[in-house]
Amino acid sequence: MPTPPFTPTATLSAAQSRRVFLAAQGMARRRQRKRASRDDFRAYLERQGVLQLDTVNVLARAHYMPLFSRLGPYDTGALDGYLWGSGETIEQWGHEAAVMPRDLLPTMHRRMTRPTKWRRDTLAKLEAERPGLLVDVRASVEESGPVVAADLEHLSPVQRPRGDWWDSTHVKLALEHLFITGLVAGSRTPRFERTYDSPMREWGVPAADNAESWALASDDAIAVLADRALTAVGVGTAADVADHFRLPVAETKAALETMVAEGRAEHAAVEGWKDRAYLAATAQDPGKTTGVALLSPFDPVAWFRPRLERMFGMEYRIEIYTPEAKRQYGYYTLPLLLGDQVVGRFDLKADRKASALLVRSSWREEMPVKGARRRTDDEIADAAWGEFRLLQEWLGLERVEVEGRGNLAPQVASRHGAFQD
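Residues numbered from 1 in each chain as written. Predicted model: local features only at pLDDT ≥ 70, side-chain atom pairs only at ≥ 80, totals over all residues. Heavy atoms only, no water.

J.: Explain the pairing of strand E12 (residues 341-351) here, please?
T.: With nine of eleven residues buried, E12 lies mostly within the body of the structure. Summarising the sheet, strand E11 (residues 333-338) and E12 pair through six bridges and their orientation is antiparallel. By the bridge assignment, Leu334 is partnered in E12 with Phe346. As consecutive antiparallel partners, E11 and E12 are separated by two residues, and within that stretch Gly339 has a phi angle of approximately 65°, a positive value. Between the antiparallel neighbours E12 and strand E13 (residues 356-364) lie four residues, among them Ser355 with a positive phi of about 55°. (Buried < 20%, exposed > 50% of the residue type's maximum accessible area, 1.4 Å probe, protein only. Helix = DSSP H or I, 4+ residues; strand = E, 2+ residues; numbered from the N terminus. Pairing = 2+ DSSP bridges.)

J.: Sorry, what's going on with the packing of aromatic side chains here?
T.: To describe a pair of aromatic rings, one takes the distance between the centres and the angle between the planes. Counted by the stated rule, this structure contains nine aromatic pairs. Counting every residue linked through ring pairs, the aromatic cluster contains Phe41, Phe68, Tyr74 and Trp394. We note Arg31 situated over the ring of Phe68; from NZ or CZ to the ring centre the distance is 5.1 Å. Geometry around Tyr329 places Arg345 over its ring, the cationic atom sitting 3.8 Å from the centre. (Phe/Tyr/Trp six-rings, centres within 6.5 Å; stacked < 30°, edge-to-face > 60°. Lys NZ or Arg CZ within 6 Å of the ring centre and 35° of its normal.)

J.: Just to check I follow, could you spell out the sheet that holds strand E14 (residues 399-405) for this structure?
T.: Strands in a sheet are paired, the pairing made by backbone hydrogen bonds, and the direction either parallel or antiparallel. Read from one edge of the open sheet, five strands run E10-E11-E12-E13-E14, paired in mixed fashion. The open sheet has two free edges, formed respectively by strand E10 (292-294) and E14, since each of these has just one partner strand. Going from strand to strand, the sheet's axes swing by 30° on average, the running direction of each strand aside. Pairing of E13 with E14 involves five bridges; the strand directions are parallel. Along E14, the bridge assignment pairs Val359 with Val402. On the sheet, helix H14 (residues 377-395) packs against E10, E11, E12, E13 and E14 and is oriented at approximately 35° with respect to E12. (Axes fitted to C-alpha atoms, helices over the stretch in contact; angles between N-to-C directions. Contact = heavy atoms within 4.5 Å.)

J.: Whenever I open this one, the pattern of salt bridges confuses me. Can you help?
T.: Close approach of charged atoms allows side chains with opposite charge to pair. Within this structure, the stated rule accounts for 30 salt bridges. A salt bridge links Lys117 to Asp121; the nearest nitrogen and oxygen atoms lie 2.6 Å apart. Residue Lys117 and its partner Asp121 are both found in helix H6 (residues 117-129); the two are separated by four residues, about one turn of the helix. Classification of Lys117 by relative accessible area gives exposed; the value is 56%. Residue Arg246 is joined to Asp243 by a salt bridge in which the shortest nitrogen-to-oxygen separation is 3.0 Å. Each member of the salt-bridge network shares a partner with another, and the members are Glu91, Glu176, Arg188 and Arg194. (Salt bridge = Lys/Arg side-chain N within 4 Å of Asp/Glu carboxyl O.)

J.: Please explain the nonpolar core as it appears in this structure.
T.: As a rule of thumb, nonpolar side chains are buried together in soluble globular proteins. Counting 56 residues, the largest nonpolar core has Leu12, Trp203, Leu230, Phe245 and Phe312 as the members making the most contacts within it. The leading source of residues in this core is helix H10 (residues 218-233), at six residues. Discounting chain neighbours no more than four positions away, the residues touching Phe312 are Arg18, Phe21, Leu22, Arg307, Leu337, Asp340, Gln341, Val342 and Val369. Among the nonpolar cores identified, the runner-up in size contains 53 residues, and Ala97, Leu338, Ala350 and Ala384 belong to it. (Core = buried A, V, L, I, M, F, W, Y, C linked by side-chain atoms within 4.5 Å.)

J.: Honestly, the sheet that holds strand E2 (residues 51-52) in this entry has me stumped. Any pointers?
T.: Taken together, the three strands give an open sheet; going across it, the order is E2-E4-E3, and neighbouring strands pair in antiparallel fashion. At either end of the open sheet lies a strand with only one pairing partner, and these are E2 and strand E3 (89-93). Against the sheet, helix H4 (residues 76-85) touches E2, E3 and strand E4 (97-101), its axis set at about 80° to E3.

J.: Hey, could you run me through the layout of surface pockets in this one?
T.: Space left empty within the atom packing is revealed by a probe, the size of a water molecule, rolled over the atoms. Of the voids in this model, the second largest pocket is the one considered here, and its volume is about 460 Å³. In terms of lining residues, the second largest pocket is bounded by 24 residues, among which Gln25, Gly26, Met27, Arg70 and Leu71 are the most central. Elements represented by at least two residues in the lining of the second largest pocket include exactly helix H1 (14-24), helix H2 (38-48), helix H3 (65-71) and E10. Counting residues per element, the lining of the second largest pocket draws most heavily on H2, at five residues. (1 Å grid on protein atoms, 1.4 Å probe; cavity = no way out; pocket = protein on both sides within 12 Å on 5 of 7 lines; lining within 4 Å. Points joined across faces, edges and corners; volume = space filled by probe spheres on them.)

J.: Looking at this structure, how should I read the environment of Arg31?
T.: Structurally, Arg31 is set in the loop between H1 and H2. Among residues more than four places away in sequence, those in contact with Arg31 are Phe68, Ser69, Arg70, Leu71, Gly72, Val292, Ala293, Glu387 and Leu390. Among the polar contacts listed, one links the side chain of Arg31 to the backbone oxygen of Phe68, at a separation of 3.0 Å. (Polar contact = N/O pair within 3.5 Å; in protein donor to acceptor, adjacent residues only side chain to side chain.)

J.: Mind showing me how you'd approach helix H12 (residues 249-261) here?
T.: Given 3.6 residues per helical turn, the α-helix brings residues three or four places apart onto the same face. Its 13 residues give H12 an end-to-end C-alpha distance of 18 Å, which sits within 8% of 18 Å, the value for a rise of 1.5 Å per residue. For H12, the set of buried residues is Thr252, Ala255, Leu256, Glu257 and Met259. Of the residues trailing H12, Gly263 is marked for its positive phi of about 85°. (Expected span 1.5 Å × (residues − 1).)

J.: What is the right way to read unusual backbone geometry from this model?
T.: When glycine is set aside, most residues are seen to have a negative phi, and most peptide bonds are trans. That bond from Gly145 to Pro146 is cis: its omega, 5°, falls within 30 degrees of zero. With respect to the helices, strands and loops of the structure, Pro146 is situated in the loop between helix H7 (133-144) and helix H8 (170-180). Backbone geometry at Phe192 places phi at a positive 70°, although glycine is not the residue there. Following the sequence through the fold, Phe192 ends up in the loop between strand E5 (185-188) and strand E6 (194-197). Classification of Phe192 by relative accessible area gives buried; the value is 9%.

Structural data, given as structure tokens:
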């Protein structure tokens, strides 16, 4: 279908686009120090539609940080209880591995059943090395679930050679294949270990290979997800919106054009953007942004790098997999949001043995953004130090230790006199 002519009905300055985006993300205002409740967790998940999971635990588990950035210190056990004990959520590949509201399960069927190279290769590998194992593992989950991978290792006593396929066992590969394809359902233990169960017990519906009663057709699923994604970002290009749930860009653009035609979105021209933008009908410009927060690499504000650079002038990558000698900023750097600017990045680590939050490097950002006042080093250091102390408190650590790497390290360290050469 040809793309309709672009006639913007809204024009936004670069600063307005940042305010609209941050407001949609729940980050336009300074945190209110209050006890976070299950209602707050539910509101976040409903608004975003997805909370990314990852095993990286340098500072805190990936799914903890976006809530901290918006709510401040909260009880992580209460969040885990909601995510995996409320019955209101599912775990699926909604962005990467993620927790999602249960009402989005029908939209995931298209992803569960979509052929991919990983699925084909995994299936071929398993059938060549352990024929019949997928059937046996699925049957055991149906009979005995919920189970963890270790409960089923007896089904494949001959282990695979190390150094291949992430050193995973046959059983783990089988379970992961069954999980991704919706033939078994996943949840988590209090230790963050994935459990596997039958979809009927976990979701209340049959598995993805018998989903006539609950699955949405692909076009309908993309329409629902594109709507949720545009609400979550407020304003964005088709690529921005598509990345939220990792949707195909062309199909997302078609869904957005339908939303424009139906009055649920409008075309927008944003200062400095080459591509057409879409503005959610529910989007709001708060006029001023006062939020201060560290952003994890898995935060929706930071995870789509082209948008982060276009809107906030920050070139950003995670350097976990970069050899130490080639790292520019540090192993696990977190951007610092101050108002409507990303003003710095800090390499952080929770040294739990020493009970210290380590600030291993401190950098101010130099790339200018349109319509933003340049922050002084002291302003950035003050904001960063406040975040470090809040993070230290939340993680139950005794102190903050600042090391001397980075162009902002002296200013940050001077906040408590801990500068180390």
